[in-house]
Amino acid sequence: MSSIVELQGVSKTFYRGKESVPVLENLSLEVPEGAYEAFMGPSGSGKSTLLNLIAGLDKPTSGSAKVAGSELSQMSDGQLARFRSQKIGFVFQSYNLLPVLTALENVELPLLLTSLSGSDRKKRSQTALRIVGLEERMDHYPRQLSGGQEQRVAIARAIVNDPTILVCDEPTGDLDRKAADEILALLEKLNKEFKKTILMVTHDPAAAERAGIIRKLNKGQLQ
Amino acid sequence: MTLLEVAAKNALRNKFRTTMTILGGAVAVLAFVLIRTIIVAWNKGVDYAAKDRLATRDKVSMVISLPKHYIDDVRTKIPGVKAASYLSWAGAKWPKDPNVFFANMAADENVFDLYPEMEISPDAIERWHHDKQGAIVGAALAHKLGWKVGDKVVLAGSIYPGDWQYTIDGIYGAPPQTALDQSSFFFHWSYLNDGVKAGMKDKIGWIVTRVDDPSKSAAVTAAIDKLFDDQDTQTTTMSEHAMNQGFLGGASAILAALGIVSIIIMVIMMLILGNTIAMAVRERTSEYGVLRALGFQPGHVRLFVIGEALTVSLLAGLVGLGLSYPFIEFGMGRWLEENMGNFFPAVHVSPVTAATAFAATLVLGGLASLLPAIQAGRLQVTDALRRIA
Amino acid sequence: MIPIAYNLRNLRARKTTTAAAALGLALVVFVFATARMLTHGIDKAMHQASDPSVAIVLRKGASAELESGIEVPKISIIGTAPGVAAFPNGRQQVVGELVAVVLLDKVGVEGGFSNAQVRGISDDSIAFRPTVKIIEGRAATPGTDEVVIGRAIRGRFKGLELDATFDLSKNRPMKVVGIFADGGSAYESEIWADVDRVRATFGRGTIVSSVRVRLDSPAAFDGFAAALDANRQLDVSAMREETFLLKSSQGTSIFLSAMGFMIAFFFSIGAMIGAMITMHATIAQRQREIGTLRALGFTRFQVLTSFLFESILLSLIGGAIGAAASLLMSTQEISTMNWATFAEIVFKFEPSVGIIVSAMVAAALMGILGGFWPAIRAARINPVQAMRGA
C-alpha cells in the first residue's frame, strides 16, 4: 500500500518576539493509505502541531511533508487552501458549525469552493447527511441539535468533498460517553467502508483503542 | 446559497446589536435627508427664476422707490421688451397674527402677464380688474389664514399706516414641485397710491420685465440701466435669478454650516457601523478559522465581512429613507411651505437626495468594514482555530 | 464598590472600540455646543446692543425700524415725556435715527452682493451709547459724507475699510473715517452716517425711523410709554430696547433654534445608540469576569452601577473632546440675513461656562440612557453559567 503521508526531517519552531519555541524536531513519519491512526501525548507534546502540518494548515520550518501527492513545504498559502478544500476533511472538538446555517447548509459550505451547481451541491450534502444518519434533521439549526448530532453534521461536512484524509482534533472531547461511542462508530465506518484515512489527536483512551495504530508524542518527538 | 448570503445571514445573528445598528444608521440617514432637503428647497427658491424675466430696482437701495413714470419709459423706449409691470412692497400685516410673514405687494394691472406660470382662473383676474380693493392671494397663504374667494379682509399697514380693506377676488396656485412662492398677496397699486400721503405718491418699488428673446437679456438689462443712468434716481437691472440669489443668498453661510453638519452625521453613522462590524469580527475569529481550514481564501473571508456590513447598511438606508418620506411629505415639508413659504416654496425629497443618502450609506458601510475585513483576512488559520479549541 | 480602575483599565484595553464610541460622542457634543454657541452669540449681540434704561419709539403698527417713520418735529416732543434722562450738559437723552439698507458688493464672493445696514445718526448718537468706542480712525464729522463702520462688517463688503469709499448715491461717495466696536453687539454690523445725508439719499423727507430715549431708570418705562400712548397726535408707541431687539432677532433665532433642536434630537439618538451598542458588546465579552465578580460576592446593584459608571465615563471622555473642539469654533464668525432688517448681520460663536457644562451633562445623560439597559443585563448575569462560559 502506498504512503498517503510522508514526513521527512520535519521541524517546526514558533517565534514569540525574540524567543524561539521549537515544538517539533526532526520528525519523520509514514502513514499508509486507508490507515486509522491516533496520536496521543501530554499537552505541549506537539501533537496538534503535527496534525496541522499534515492537514496543510501550517508549513514546516524545515524538512519535507508530502501529503496525498503534494509537497506542502513548497506551497503558497493559496495553494494550501486549495489543497485543504480538495484533500482534507476537518473534525474539531467544538464542532464549529455556523449557527446561522441549517445542517444542510453547513454541510454545503465546502462545496461553495467547487464549480458544482446549486442542485448538485444540495444532492451531495444530503448524501453526506444520510451517511451520518441525520438526513431528517437537515433543516434544523445547530442550536436545535444535541452535541452528538452537531458533531455528526460536522463529520458530514468533512466528507462532503470526498477528501483523502480525515483530520480529527479531539472529536469526542465535548461529548458524553454514549454520543462519543456513536461518533467513534461512525468514524470506524468511514474508515472501513469508505476507505478514508483517519488521523486523530485524542486524550480519550476509548477513542484511541478504536484506531489501528496509536502513536505517542513527547516533546516534539515520536516515541 | 452563496457566500454573500451566508454573510447576510450572519448579520441577523446578534439581533439586538444588528437592530440597534440599523436604527442608528436609519436615524443618521433620516437626519441627512432632512437637512439636505432643506438645503435643496432653499436653493430651489433661490434658483427659481424664469429665463426671460428681469428685475429693475433702485441702484443704491431696495428701500428707495422709483418714479412711476419709469414704467412708461421701459415700455416705450426699450427694444426687446415683451411686457413690463411694476410692484411695490406694502408690508401690511394680518392683525389677528402679526407674526405671519407674507409678501404684501401693490401691483400694476397687467402684473399677471409677467408670471404665466401662475395658475389663476381668467374669471378671477376679470373680477380683480373691476374691484379697486380686490386682492389675489396665494394658495398656501389662503390655506394658512383661512381665506376664501369673496372674503373681506382688513390688513394693518406698517410702512403705510392705517387699516387697509380688501376683498379676496382670486387664489393663485402653481404646478406641483414648482418653486413659485404661493404665499403672496397682490392688490392694486392705484389703491395704495390713493391712500398715501402727498410726499409718497407716484412711486413704485421695482419693475419686472419680460423679454422677447432670453438670449438678448444682457442687452435689455444694459439698455434699461443706461436709460436712467443720468437721472437722479439710477437703477440696477438684473435677471430674476441674480436678484433672488442676492436676496436670499445672504443665508448661504448658515446653509453651508448645515451642509457640514449633514456630513458629520453620516460620519457618525459610519463610526457606529464600523464599531459594530469590528466587534462582530472579533467574535467570529473562530468561524473565520474554520472557513480558512475548509479551504476558503483570505479574500473570501474579507468578502464575508464586507458582505455583512453592506447588508446592515442596506437595511439602515432603506429604513432611514422609509422614515424620511412620510416625515417630510406629510409633516415638515408642508409646514415649511406654509409658514416660511417665500423662502421654502417647494419642499420635497428630491430623488437625487434619496439616491445620495442611499449610496452614501452603502459606501460608508463598505468603507467602515474595510479595516476589520483586512484584519480578518490576515488572520493566521492556526491562531484563529486555537482560540476555540 | 467595584473599583473604578476596573472600568478605566477595560476602556483602555479595548482601545479601538472605546475610541470609536468616544469619537461619535465627541462629534455629537461638538455639534450641540456649537449650535448653542451660535444662538448664544446672537443673543449676546442683541443683548449687548440694548440698555435696560433705553426705550425705542416707533410709529404705531411698525415692528421694525425699516417700516417705521416719525416726523422730525415729534422727536423733541417725545423728549419731553416723563422719565427721560438728561446728558451732563442738560440736553435730553433723545436721538432720532434713520435706518436703511444699501446694496453693496461682497468681498470674496465673485459677483456677489448683499444688503448692509446703514444708520443715519444724529450728533448725540455716539454719546447716547457709552459702550461704543472708536477703535481705529476717528468719529465722522457731522453733516459730511464721512461714516464710521462697525468692527464686524469691516472688510466684508467692497469699500468698507478704513479710508476707503463706497457709493451711497450717484457721484457722492461716502468715506470711511473710523471703525467702532461695541462689545460684540449687533451695531457692529452697521454703517453709521450722518442722518441728513441718509435722508437726502433715501428721499425720506423730514422723518426718522426711530427715536430712542434714555430713561432715569428702567422702572420709568411704564410712565413714559403711557404718556406717549395718551398723545394721539404723536401716533407712536414705545418698547423697551431689550424687547425690541429680542423681537428683531426672533425670526433668525427661531429658525436657527429649530434647526439646532432637530439636529440635537437626531444626534443624541445616534449617540445613545452608539453607547448602547458599545456597552452591550463589552458586557457580552466580559461575561466570565462578571460571573466571577458576582461569585466573589459583589451584588447585582454594584455590578449595575459599575457598568453604568463605565458608560458615563466613556461619554464624558467623548464629551470632553467634543467640548474642547467646540471651543475652537469660538474664533469663528458667521454672517447671515437678519429677516427683520433685510441686512446682513455678523454673529460670533459665543462660548460660555453654562454651554460647556450643559454639553458635558448632555453627554453623561446619553451615556446613562444608552448604557442603562446593557448595565441591567450585566447585573442579571447568572454567575455559574457565566463562569462556565455559556
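Residues numbered from 1 in each chain as written. Chains lettered and ligands numbered in written order. Predicted model: local features only at pLDDT ≥ 70, side-chain atom pairs only at ≥ 80, totals over all residues. Heavy atoms only, no water.

Draft legend 1. View of the side chain of B:R292. Among the secondary structure elements, B:R292 is positioned in helix α10 (residues 285-294). Polar side-chain contacts of B:R292 include one of 3.0 Å to the backbone oxygen of B:L379. When near neighbours in sequence (up to four residues on either side) are disregarded, B:R292 contacts A:R84, B:Q297, B:P298, B:V301, B:G377, B:L379 and B:V381. (Helix = DSSP H or I, 4+ residues; strand = E, 2+ residues; numbered from the N terminus. Polar contact = N/O pair within 3.5 Å; in protein donor to acceptor, adjacent residues only side chain to side chain. Contact = heavy atoms within 4.5 Å.)

Draft legend 2. Structural detail: the arrangement of the chains. Across the two pairs of chains in contact, the largest number of contacts is found between chains B and C. Regarding chain A and chain C, which are not in contact, the minimum distance between any of their C-alpha atoms is 13 Å.

Draft legend 3. Local environment of the interface of chain A and chain B. Contact residues are listed per partner, giving 24 residues for chain A and 22 residues for chain B. With both chains or domains summed, chain A and chain B bury close to 2,200 Å², and 68% of this area falls on carbon and sulfur atoms. Here chain A is connected to chain B by one salt bridge. Residue B:K9 is joined to A:E105 by a salt bridge in which the shortest nitrogen-to-oxygen separation is 3.0 Å. Between the two partners, chain A and chain B, sit four residue pairs in polar contact (both at pLDDT 80 or more). (Buried area = accessible area lost by both parts, 1.4 Å probe. Salt bridge = Lys/Arg side-chain N within 4 Å of Asp/Glu carboxyl O.)

Draft legend 4. Examining the pattern of salt bridges more closely. Under the counting rule described, the total for this entry stands at 49 salt bridges over all chains. Where A:R177 meets A:D204, a salt bridge forms, and the shortest distance between an N and an O atom there is 3.2 Å. Placement of the pair is A:R177 in helix α6 (residues 177-192) and A:D204 in the loop between β8 (197-201) and α7 (205-210), with a sequence separation of 27 residues. Of the charged contacts in the structure, one is a salt bridge between B:R53 and B:E240, with a shortest N-O distance of 2.8 Å. Here the residue B:R53 occupies a position in strand β1 (residues 53-58), and B:E240 occupies one in helix α8 (residues 240-248), the gap between them amounting to 187 residues. Judged by its relative accessible area of 1%, B:R53 falls in the buried class. Via salt bridges that share partners, C:E65, C:E97, C:R119, C:R129, C:E190, C:R212 and C:E241 belong to a single interconnected network. (Buried < 20%, exposed > 50% of the residue type's maximum accessible area, 1.4 Å probe, protein only.)

Draft legend 5. Up close: the sheet that holds strand β7 (residues 165-169) of chain A. Residue and element names in this part refer to chain A. Across the sheet, six strands lie side by side as β6-β7-β8-β3-β9-β10; this open sheet has mixed pairing. Only two strands of the sheet have a single neighbouring strand rather than two, namely β6 (88-91) and β10 (221-222). Across five bridges, β7 lies against β8 in parallel orientation. Bridged to V167 within β8 is L199. (Pairing = 2+ DSSP bridges.)

Draft legend 6. The arrangement of the pairing of strand β4 (residues 62-67) of chain A in detail. All names here are of chain A. Sheet analysis places strand β1 (residues 3-16) next to β4, joined by five bridges and oriented antiparallel. In the strand pairing of β4, Q8 is matched with S64. By the bridge criterion, two bridges tie β4 to strand β5 (residues 70-71) in an arrangement that is antiparallel. Bridging from a neighbouring strand, K66 pairs with E71 of β5. Linkage of β4 to β5, two consecutive antiparallel strands, is achieved through a turn of two residues, within which A68 is found at a positive phi near 50°.

Draft legend 7. Fine view of the packing of aromatic side chains. Throughout the structure, instances matching the rule amount to 22 aromatic pairs over all chains. An angle of 70° between the planes, with centres 5.7 Å apart, marks the rings of C:Y187 and C:W192 as edge-to-face. A single burial state applies to C:Y187 and to C:W192, both of which are buried. An aromatic cluster of at least three residues, connected via ring pairs, comprises B:W94, B:F102, B:W147, B:W164, B:Y166, B:F185, B:F187 and B:Y191. A cation sits over an aromatic face here: C:R214 above C:F128, 4.8 Å from the ring centre. (Phe/Tyr/Trp six-rings, centres within 6.5 Å; stacked < 30°, edge-to-face > 60°. Lys NZ or Arg CZ within 6 Å of the ring centre and 35° of its normal.)

Draft legend 8. Fine view of the nonpolar core. Ranked by internal contacts, the top residues of the largest apolar core, which has 61 residues, are B:I35, B:W42, B:F344, C:M262 and C:F267. Those elements that provide at least two residues to this core are α2 (15-47), α9 (252-283), α11 (298-339) and α12 (351-378) of chain B together with α2 (15-48), α7 (241-285) and α10 (353-380) of chain C. Leave out the neighbours within four places in its chain, and B:F344 touches B:I38, B:A41, B:W42, B:L336, B:E337 and C:F255. Among the nonpolar cores identified, the runner-up in size contains 57 residues, and A:L51, A:I54, A:L80 and A:F90 belong to it. (Core = buried A, V, L, I, M, F, W, Y, C linked by side-chain atoms within 4.5 Å.)

Draft legend 9. Region of interest: the environment of C:G159. All names here are of chain C. Summarising the element assignment, G159 is placed in the loop between β6 (146-150) and β7 (165-169). In this structure, the C-alpha to C-alpha distance between G159 and M174, residues 15 residues apart in sequence, is 9.1 Å. Apart from the residues within four sequence positions on either side, G159 is in contact with A164, T165, F166 and V176.

Draft legend 10. Region of the structure containing the sheet that holds β1(A). An order of β2-β1-β4-β5 (chain A) is seen for the four strands of this open sheet, with the pairing classed as antiparallel. Lying at the two open borders of the sheet, with one neighbouring strand each, are β2 (19-32) and β5 of chain A.

Draft legend 11. Here's a closer look at the packing of α2(B) against α12(B). Residue and element names in this part refer to chain B. The interhelical angle for the contact between α2 and α12, taken along N-to-C directions, is 145°, at an axis separation of 10 Å. Relative to α12, the crossing made by α2 is right-handed. Here V29, F32, V33, R36, T37 and V40 of α2 come into contact with α12, specifically with T353, T356, A357 and T361. Partitioning the contact of α2 with α12 into residue classes produces five nonpolar, four polar and one charged. (Axes fitted to C-alpha atoms, helices over the stretch in contact; angles between N-to-C directions. Left-handed = near helix turned anticlockwise from the far one by under 90°. Nonpolar A, V, L, I, M, F, W, Y, C, P; charged D, E, K, R; others polar.)

Draft legend 12. Geometry of the domain arrangement of chain B. Residues and elements named next belong to chain B. Domain boundaries in chain B define domain 1 (3-45 + 251-386) and domain 2 (60-233). Taken over C-alpha atoms, the centre of domain 1 sits 48 Å from the centre of domain 2. Taken together, the contact pairs 11 residues of domain 1 with 10 residues of domain 2. Summing the contributions of domain 1 and of domain 2, the shared interface buries around 900 Å²; its carbon and sulfur component is 50%. Looking at the side of domain 1 facing domain 2, the largest losses of area belong to E338, N342 and P345, adding up to 51% of the total buried there. The interface formed by domain 1 and domain 2 contains zero salt bridges. (Domains from an automatic or database assignment.)

Draft legend 13. Representation of the interface of chain C and chain B. With 55 residues of chain C at the contact, the number on the chain B side is 59 residues. A combined buried area of about 4,700 Å² lies between chain C and chain B, and 75% of that area is made up of carbon and sulfur atoms. Counting across the chain C and chain B interface gives two salt bridges. Linking B:K197 and C:E71 is a salt bridge whose minimum nitrogen-to-oxygen distance equals 3.6 Å.

Draft legend 14. A look at unusual backbone geometry. All names here are of chain A. The phi angle at Y95 is positive, at roughly 55°, despite the residue not being glycine. Here Y95 lies in the loop between β6 and α3 (103-108). What makes Y95 buried here is its relative accessible area of 11%. If you check the backbone angles, K195 has positive phi at about 60° while not being a glycine.

Draft legend 15. Looking closely at empty space enclosed by the protein. Taken as a whole and assessed by the stated rule, the structure comprises 11 cavities of 30 Å³ or more. Quantified by volume, the largest cavity comes out at close to 260 Å³. What lines the largest cavity is a set of 22 residues, and nearest its centre among them are C:Q117, C:R119, C:E190, C:N338 and C:T341. Going through the elements one at a time, β4 (113-121), α7 and β14 (343-348) of chain C are the ones with two or more residues in the lining of the largest cavity. By residue class, the composition of the lining of the largest cavity is 12 nonpolar, five polar and five charged. Volume-wise, the second largest cavity comes out at about 130 Å³. Every residue lining the second largest cavity is counted, 16 residues in all, and those nearest its centre are B:I272, C:A20, C:A21, C:G24 and C:G274. Contributions of two or more residues to the lining of the second largest cavity are made by α9 of chain B together with α2 and α7 of chain C. Across the lining of the second largest cavity, the residue classes tally to 10 nonpolar, six polar and no charged. (1 Å grid on protein atoms, 1.4 Å probe; cavity = no way out; pocket = protein on both sides within 12 Å on 5 of 7 lines; lining within 4 Å. Points joined across faces, edges and corners; volume = space filled by probe spheres on them.)

Draft legend 16. Fine view of helix α3 (residues 70-77) of chain B. Residues and elements named next belong to chain B. For α3, the full list of buried residues reads Y70, I71, D73 and V74. The buried residues of α3 occupy an angular sector of 160° when the element is viewed end-on, so they sit on one face. Where α3 is buried, its residues touch β2 (66-67), β3 (81-89), β10 (206-211), α7 (217-228) and β11 (235-239). (Arc of directions from axis to C-beta.)

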